[in-house]
Amino acid sequence: MSELIDNRARKIATLKEIIQHLHKGEAPEAVKSQLREMVRQTGPSEIMAMEQELISGGMPVEEVKSMCDLHSQVTREVLVQLPAASIAPGHPVDTFRCENAAIREVIAKTRTIFNELSTRPDNEECTPQLLQIKQNANELMDIDKHYQRKEHALFSFLEKHGISGPSKVMWAKDDDIRASLKRMNQAAHICAPTVAGCKNLATAAVLPALSAVEEMIFKEENILLPMSLQTFTENEW
């Protein structure tokens, strides 16, 4: 047992060291091979423990948040993708997953519209497509409800188990995404109904927001939800 604990502690310490190198400006390619070996057998608990230690060690939440996507992009390629745990319909985790699936559908439809417009002349009128983009933008604003339940339910129980750092980082990222979605929604409603207008809208507001939402879905389904399943008791669920 002590050997397993020591091995986990070493993995967390090495992960933390790698992330600190990234934070100091080292190129992701330079640490990717080392990270690949370390993360090959790493689960969500080690990832969250790493963020917890960074914050406990004095690194401000804002700084951890700023490099969160960077280390997520690096670990995404090497993090072991374990099969999703089987969950009964109606379980909170099942609800979160179903909501994420619905969010992905809206994102996919939105990307399809922009892909189709990318091959058309800039001066062409595209009112029907813009109306659909506006509708999709409105639908994505409902992500706020998903985030609120996550923050006030999952995060509060994680904190009861002494896991507070990662929750603070993810909550900060949620707020960034809310702001990005608000900008996207506002921009869509003042966009000129031309292909050129939609292309500018995509580059300036829509695609960055969609990417941020997709990144959060990855974090939820590969780190937050598995960690919560490992940690919470049946009574807490």
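For the structure, check the block above.
Residue numbers restart at each chain and count upward from 1, following the sequence in its written direction. Totals for whole chains, interfaces and linings use all residues, but because this is a predicted model, local features are given only for residues with pLDDT of at least 70 and pairs of side-chain atoms are given and counted only at 80 or more. Think of the side-chain values as coming from all heavy atoms in the structure, minus any hydrogens and water.

## Considerations on the packing of aromatic side chains
Argument step 1. Aromatic pairing here means that ring centres of Phe, Tyr or Trp (its six-membered ring) are within 6.5 Å. Orientation follows from the plane angle: under 30 degrees is stacked, over 60 is edge-to-face, and everything else is tilted. Summed over all chains, the structure comprises three aromatic pairs.
Argument step 2. Judged by centre distance (5.8 Å) and plane angle (55°), the rings of phenylalanine 157 and phenylalanine 232 are tilted. Residue phenylalanine 157 is found in helix 7 (residues 143-160), and its partner phenylalanine 232 is found in the segment after helix 9 (195-231); the two are separated by 75 residues along the sequence.
Argument step 3. You can call phenylalanine 157 partly exposed: its relative accessible area is 22%.
Argument step 4. On the accessibility criterion, phenylalanine 232 (8% relative accessible area) is buried.
Argument step 5. Centre to centre, the rings of phenylalanine 232 and tryptophan 237 are 4.8 Å apart; their planes meet at 55°, and the pair counts as tilted.
Argument step 6. Put simply, the rings of Phe157, Phe232 and Trp237 touch in pairs and so form one group of aromatic residues. Only DSSP runs of H or I reaching four residues or more are called helices, and only runs of E reaching two or more are called strands; each is numbered from the N terminus. Exposure categories follow from relative accessible area, calculated using a 1.4 Å probe and restricted to protein chains: below 20% of the type maximum is buried, above 50% is exposed, and the middle band is partly exposed.

## So, the packing of helix 5 (residues 92-117) against helix 9
Argument step 1. Between N-to-C directions, angles cover 0 to 180 degrees, with each direction set by a line fitted to C-alpha atoms, over the stretch in contact for helices. Running from amino to carboxyl end, helix 5 crosses helix 9 at an angle of 160°, the nearest separation of the two axes being 10 Å. When the interaxial angle is binned, helix 5 and helix 9 end up roughly antiparallel. For the element pair helix 5 and helix 9, the recorded crossing hand is left-handed.
Argument step 2. In this count, Pro and Cys sit with the nonpolar residues alongside Ala, Val, Leu, Ile, Met, Phe, Trp and Tyr, while Asp, Glu, Lys and Arg are called charged and the others, Gly among them, polar. For the contact of helix 5 with helix 9, a count of residues per class yields 17 nonpolar, three polar and seven charged. Every angle not falling under 35 degrees, over 145, or within 65 to 115 is termed oblique; those three ranges are roughly parallel, roughly antiparallel and roughly perpendicular. Here is the rule for handedness: rotate from the far helix to the near one, and if that takes an anticlockwise turn smaller than a right angle the crossing is left-handed, while a clockwise turn gives right-handed.

## Side note on the nonpolar core
Argument step 1. Within the largest apolar cluster, 41 residues are counted, with the highest numbers of intra-cluster contacts made by Leu140, Leu181, Met184, Cys198, Leu201 and Val213.
Argument step 2. At the level of elements, helix 5, helix 6 (127-140), helix 7, helix 8 (165-188) and helix 9 are the ones that each hand at least two residues to this core.
Argument step 3. In terms of residues, this core owes the most to one element, helix 9, which gives 14 residues. For our purposes a nonpolar core is just a set of buried Ala, Val, Leu, Ile, Met, Phe, Trp, Tyr and Cys residues, chained together by side-chain atoms within 4.5 Å.

## Looking at the environment of aspartate 94
Argument step 1. With respect to the secondary-structure elements, aspartate 94 resides in helix 5.
Argument step 2. Linking aspartate 94 and leucine 225, residues 131 residues apart in sequence, is a C-alpha distance of 9.8 Å.
Argument step 3. The residues contacting aspartate 94, other than those within four sequence positions of it, are Ile87, Ala88 and Pro89. A contact between two residues is defined here by any heavy atoms of the two lying within 4.5 Å.

## What about helix 7?
Argument step 1. Expected helix span is taken as 1.5 Å per residue step, with the number of steps being one fewer than the number of residues. Along its 18 residues, helix 7 runs 25 Å from first to last C-alpha, staying within 8% of the 26 Å computed at 1.5 Å per residue.
Argument step 2. Here the bend at a residue means the angle between the axes of two seven-residue stretches, the one that ends at it and the one that starts at it. The largest bend in helix 7 is about 25°, located at glutamate 151.
Argument step 3. Among all positions of helix 7, only Ile143, His146, Tyr147, Lys150, Glu151, Leu154, Phe155 and Leu158 are buried.
Argument step 4. Looking one or two residues past helix 7, glycine 162 carries a phi angle of roughly 85°, positive in sign.

## Thoughts on the pattern of salt bridges
Argument step 1. The working definition used for a salt bridge is a side-chain nitrogen of Lys or Arg within 4 Å of a carboxyl oxygen of Asp or Glu. Taken as a whole, this structure holds twelve salt bridges when the rule is applied.
Argument step 2. For glutamate 214, the salt bridge identified is with arginine 111, shortest N-O distance 2.8 Å. Taken together, the residues span a long stretch of sequence, with glutamate 214 in helix 9 and arginine 111 in helix 5 at a distance of 103 residues.
Argument step 3. Look at the salt bridges and you will find they share partners, linking Asp144, Glu151, Asp175 and Arg178 into a network.

## Comments concerning the packing of helix 5 against helix 7
Argument step 1. At a minimum axis separation of 11 Å, helix 5 and helix 7 run at an interaxial angle of 155°. Classified by the angle between their axes, helix 5 and helix 7 sit roughly antiparallel to one another. For the crossing formed where helix 5 meets helix 7, the hand is left-handed. Residues Phe96, Glu99, Asn100 and Ile103 of helix 5 form the contact with helix 7, whose participating residues are Ile143, His146, Arg149, Lys150 and Leu154.
Argument step 2. In the contact of helix 5 with helix 7, the residues fall into four nonpolar, two polar and three charged.

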